[in-house]
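Topology and contacts: notes
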Amino acid sequence: MKYKTKEKIKTTFGFFGMIIIVICWIYPVFFLLVNANKTSAQYAKGDKTEIIFGNQIFENIVKAWNIGLGDGVLNSLFYGLVGSSIAVFFAFLAAFAIVRLKMNNGLWWFLLIYSGTVFPFQMFLIPLFEAYVVFGIYNTKFGLTLFYVAICIPFATFVLRGFFLTVPWELQEAAKVEGATNFQIIYKIMMPLAKAPLMLVFLIQFTWIWNDLLFGMVLSRSVGVRPVTTALAGMQSLYRQVDAPTILTATLMASIPTLLIFLLLQKHFIRGLTLGSMNAGK
Amino acid sequence: MKDKQQAYFYIAPAVILVCLILIYPIIRTFYMSFTDNDGLNPPNIIGLANYSRLFFDTQYILPIKNTIIWTIFASFFPVTIGFLFAYSIQFLPRSNFFQILIYIPATVSAAAAGVLFGFILDTSGLFNAILTILGFEELTRDWLFQIPENTYSMITAYTWQATGINMMIFLVGLQGLPKEPMEAAKIDGASGFTLIFKIIIPMIMPYFVIASLLALINSFRVFDSIWVMTMGGPARSSETLAVTMYREGFILFDLGYASAVAVMLSLVGIIFSYFYLKLVLTKEDVGN
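This report concerns the structure included in the present document. (Residues numbered from 1 in each chain as written. Chains lettered and ligands numbered in written order. Predicted model: local features only at pLDDT ≥ 70, side-chain atom pairs only at ≥ 80, totals over all residues. Heavy atoms only, no water.)

This brings us to the overall build of chain B. When helices and strands are tallied, chain B shows 13 helices and zero strands. Start at the N end of chain B and walk to the C end: the helices and strands fall as α-α-α-α-α-α-α-α-α-α-α-α-α. Principal-axis analysis of the C-alpha atoms gives chain B an extent of 75 × 70 × 30 Å. Every one of the 288 residues in chain B was classed for burial, and the buried ones make up 56%. Roughly 12,700 Å² of accessible area belongs to chain B as shown, and the carbon and sulfur atoms make up 71% of that amount. Mean positive and mean negative side-chain charge positions of chain B (15 and 18 charges, respectively) differ by 9 Å. (Helix = DSSP H or I, 4+ residues; strand = E, 2+ residues; numbered from the N terminus. Buried < 20%, exposed > 50% of the residue type's maximum accessible area, 1.4 Å probe, protein only. Areas by Shrake-Rupley, 256 points an atom, 1.4 Å probe, with all protein chains shown as cover. Lys, Arg positive; Asp, Glu negative; His and termini not counted. Charge placed at Lys NZ, Arg CZ, Asp CG, Glu CD.)

Tallying secondary structure elements over chain A gives 13 helices and zero strands in all. Seen in sequence order, chain A has helices and strands lined up from the N terminus as α-α-α-α-α-α-α-α-α-α-α-α-α. For chain A, whose C-alpha radius of gyration is 24 Å, the value lies well above the compact-globule estimate of 19 Å for 282 residues. Counting only contacts in chain A whose residues sit at least 6 apart along the sequence, the fraction spanning at least 24 positions is 75%. Put simply, chain A shows about 12,500 Å² of open surface, and 70% of that area lies on carbon and sulfur atoms. With 22 positive and 11 negative side-chain charges, chain A shows a separation of 7 Å between the mean positions of the two kinds. (Rg over C-alpha atoms; globule rule 2.2 N^0.38 Å. Contact = heavy atoms within 4.5 Å.)

A word on the interface of chain B and chain A. Interface size is commonly expressed as the accessible surface area that is lost when the partners come together. Listed per partner, the contact involves 100 residues of chain B and 96 residues of chain A. Around 8,600 Å² of area is buried between chain B and chain A when both sides are counted, 76% of it from carbon and sulfur atoms. The three residues of chain B that bury the most area against chain A are Y10, F119 and R221 of chain B, which together make up 9% of that side's buried surface. For the interface between chain B and chain A, the tally reads two salt bridges. In this structure, the connection of chain B to chain A is made through 10 residue pairs in polar contact (both at pLDDT 80 or more). At 23 residues, the largest contribution of residues to the side of chain B that touches chain A is made by helix 1 (residues 3-32) of chain B. Partitioning the side of chain B that touches chain A into residue classes produces 70 nonpolar, 19 polar and 11 charged. (Buried area = accessible area lost by both parts, 1.4 Å probe. Salt bridge = Lys/Arg side-chain N within 4 Å of Asp/Glu carboxyl O. Polar contact = N/O pair within 3.5 Å; in protein donor to acceptor, adjacent residues only side chain to side chain. Nonpolar A, V, L, I, M, F, W, Y, C, P; charged D, E, K, R; others polar.)

All names here are of chain B. Among the secondary structure elements, S219 is positioned in helix 10 (residues 205-219). Engagement of the side chain of S219 in a polar contact is seen with the backbone oxygen of T71, the distance being 3.2 Å. Ignoring any residue separated from it by four or fewer positions in sequence, one finds S219 in contact with W70, T71, A74, S75 and Y158.

Put plainly, a disulfide is one covalent bond tying together the sulfur atoms of two cysteines. Under the defined criterion, the tally for this structure stands at zero disulfides over all chains. Left unpaired, C19 of chain B is separated from the closest cysteine sulfur, that of C152 of chain A, by 17 Å. (Disulfide = S-S within 2.5 Å.)

Okay, the packing of aromatic side chains next. A complete count under the given rule lists 50 aromatic pairs over all chains for this structure. Both rings, one in Y246 of chain B and one in F250 of chain B, keep their centres 5.3 Å apart while their planes meet at 25°; by these two values the pair is stacked. Placement of both Y246 of chain B and F250 of chain B in helix 12 (residues 241-250) is noted, with a separation of four residues, approximately one turn of the helix. Judged by its relative accessible area of 15%, F250 of chain B falls in the buried class. Connected via pairs of aromatic rings, a cluster forms that spans F78, Y79, F121, F124, F147, Y148, W208 and F215 of chain A. Seen from the ring of W169 of chain A, R100 of chain A lies directly overhead, with NZ or CZ sitting 4.0 Å from the centre. (Phe/Tyr/Trp six-rings, centres within 6.5 Å; stacked < 30°, edge-to-face > 60°. Lys NZ or Arg CZ within 6 Å of the ring centre and 35° of its normal.)

Residue and element names in this part refer to chain A. Of note, P197 is situated in helix 10 (residues 195-211). Judged by its relative accessible area of 18%, P197 falls in the buried class. P197 sits 38 residues away from V159 along the chain, and the two C-alpha atoms are 7.7 Å apart. Leave out the neighbours within four places in its chain, and P197 touches L160 and F163.

Counting residues in each nonpolar core, the largest one holds 197 residues, and the members touching the most others are F147, I151, I153 and F215 of chain A together with I11 and F83 of chain B. No other element matches helix 4 (residues 56-100) of chain A, which puts 17 residues into this core. If we skip the residues at most four places from it in the chain, I11 of chain B touches A94, A97, I98, M103, W109 and I113 of chain A. (Core = buried A, V, L, I, M, F, W, Y, C linked by side-chain atoms within 4.5 Å.)

Right, let's get into the environment of I98 of chain A. Residues and elements named next belong to chain A. Structurally, the position occupied by I98 is in helix 4. Looking at I98, the relative accessible area reads 8%, which means it is buried. Measuring from C-alpha to C-alpha, the distance between I98 and G68 comes to 43 Å, with 30 residues separating the pair along the chain.

Another aspect to go through is helix 1 of chain B. Each full turn of the α-helix corresponds to 3.6 residues, which orients residues three or four apart in the same direction. A rise of 1.5 Å per residue sets the reference length of helix 1 of chain B, with its 30 residues, at 44 Å; its end C-alpha atoms lie 41 Å apart and thus fit the reference within 8%. Of all the bends found along helix 1 of chain B, the most pronounced is centred on I11 of chain B and spans about 50°, while P13 of chain B, a proline, follows it within four residues. (Expected span 1.5 Å × (residues − 1). Bend = angle between axes of the 7 residues up to and from the residue.)

On the surface, a nonpolar cluster with roughly 350 Å² of combined accessible area is contributed by W65, L74, L77 and L81 of chain A. Relative to the assigned elements, W65 of chain A resides in helix 4. (Patch = residues over 30% accessible without salt bridge, like charges linked within 9 Å, V, L, I, M, F, W, Y side chains within 5 Å.)

Take the packing of helix 4 of chain A against helix 7 (residues 141-166) of chain A next. All names here are of chain A. The N-to-C vectors of helix 4 and helix 7 enclose an angle of 40°; their axes lie 6 Å apart at closest approach. Taken together, the axis directions place helix 4 and helix 7 in an arrangement best described as oblique. With respect to the hand of their crossing, helix 4 and helix 7 are arranged in right-handed fashion. Grouping the amino acids of the contact of helix 4 with helix 7 by side-chain chemistry returns 22 nonpolar, four polar and three charged. (Axes fitted to C-alpha atoms, helices over the stretch in contact; angles between N-to-C directions. Parallel < 35°, antiparallel > 145°, perpendicular 65-115°, else oblique. Left-handed = near helix turned anticlockwise from the far one by under 90°.)

Moving on, we come to the pattern of salt bridges. Residues and elements named next belong to chain B. This model, assessed by the stated rule, comprises eight salt bridges over all chains. As a salt-bridge pair, E149 and R141 come within 2.6 Å of each other at their nearest N and O atoms. Between E248 and R236 there is a salt bridge; the shortest N-O distance is 3.1 Å. Here the residue E248 occupies a position in helix 12, and R236 occupies one in the loop between helix 11 (224-229) and helix 12, the gap between them amounting to 12 residues. On the basis of relative accessible area, R236 is assigned to the partly exposed category, the value being 23%. Taken together, the salt bridges that share partners define one network made up of R236, E239, R247 and E248.

Looking now at the environment of I81 of chain B. Residues and elements named next belong to chain B. By secondary structure assignment, the location of I81 is in helix 3 (residues 61-89). Of the residues examined, I81 reaches a relative accessible area of 26% and is grouped as partly exposed. Through-space distance from the C-alpha of I81 to that of I210 is 15 Å; in sequence the pair is 129 residues apart. Setting aside chain neighbours within four positions, we find I81 in contact with T159 and T163.

Without other data, these values stay purely geometric and don't point to any function.
Set out below in structure tokens:
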């Protein structure tokens, strides 16, 4: 009994202690929200911790959108949706071939695809830039999409290979006996079964593409092509030409999609991201 | 057509794209690291000259030193703080709520977090304002412009963003633990530290290994955070090898040297990745 009360007191103290720690931990987010809602004069002169009520933030959103972030958001949405979908689709076919069609040297093929992510991204930059210039796809949406598809394939194949290993073989064999082609097996059996992992991988890869800075910097230049993070970083380097609250607003806008994806995925996120962080890391 | 032949058609798009966009550049970078390619003149093969420059030219000692500092601290702090968070919140009521709040910084891109911390660590930024309010005015300084404060400031910003994932890994580990040994130890009067070091850490060792390897894989090649906050400056003082590679390749056009830096980074990366993959792949195959 005595032990239990002691535990209860400890838990209560722990609970309130943790609340204080967590408030400190997310204080930078609070700083972001508060200062995105200021005018540049208010930010420059005022106390950074001061809260100002009002709707300056809407004006800042419009300003940020018009000085380049808007294009970045639209471009990144395109890269994320198109690049991630195509990558997941190709990875799905590849994983199907390796596991379900029992390719000879299946593990070797898998490792060939997977080897793409073992190297740091610095290994890709110079030859990609050269080749993109030679083939005329430097600073094009096609070029960036092509890269994002390729970089997302290895991890997607890794996860989907894991999925295919768990699907019972009886399903496939029964379909075969009834004369189904492999394409029908993919379309009618595997795709519906794989909905959850497909969605998970799609969103993880969307997040990766959305957050990428380096390849946007290397493979694009103009406002109409560059992704959102590159647009944001560009704004930051123009600091003092673009005011602080506008940049902070832009930071907020660039962060909302990935935050929403996390809240949406939460439960599945842990497993997915622990696997994915190797690919996601920079 | 037989399944095994059809398989080649299904795997072709993935393999072709990966070979052209990922594997070809890797091979080409490796080759270029042995040349004096400057993007203009016809390149000559110069053997290991780029590599000896990397090790013996005093100009590059600082990036190497910074990379080592980053590798150590930018993996130690996210893993340790991630563990402490996971350990502290798991038994608390509403732990899910804490978990979401603590994880929020991890959903933000490294670039966005870098921009945010650029404003926090600025001379007239939030951090100095708080120091002044608390009466530590003499401690205020330009956190991103002074050496060595700039590197440690950026590691702090990086830690803020990289801790969430480690907390998640440890939460998975802690949730899988049997409760009895912990309860028994507590009733026997084991204090916090004994409990953590003698019982909990040994039990979740595999998760520590995975989290640490992942953190190492990521920490030695951090680029975005540094680029957004200081661009490796002032005067290249906060550069790591990942930034050196970009600067040499895309600003100074010393492509051969930049490639050699990339290859060195790969060697480190492959060592960490080897241990990581060995763990993850064997675990997965046993599971199936």
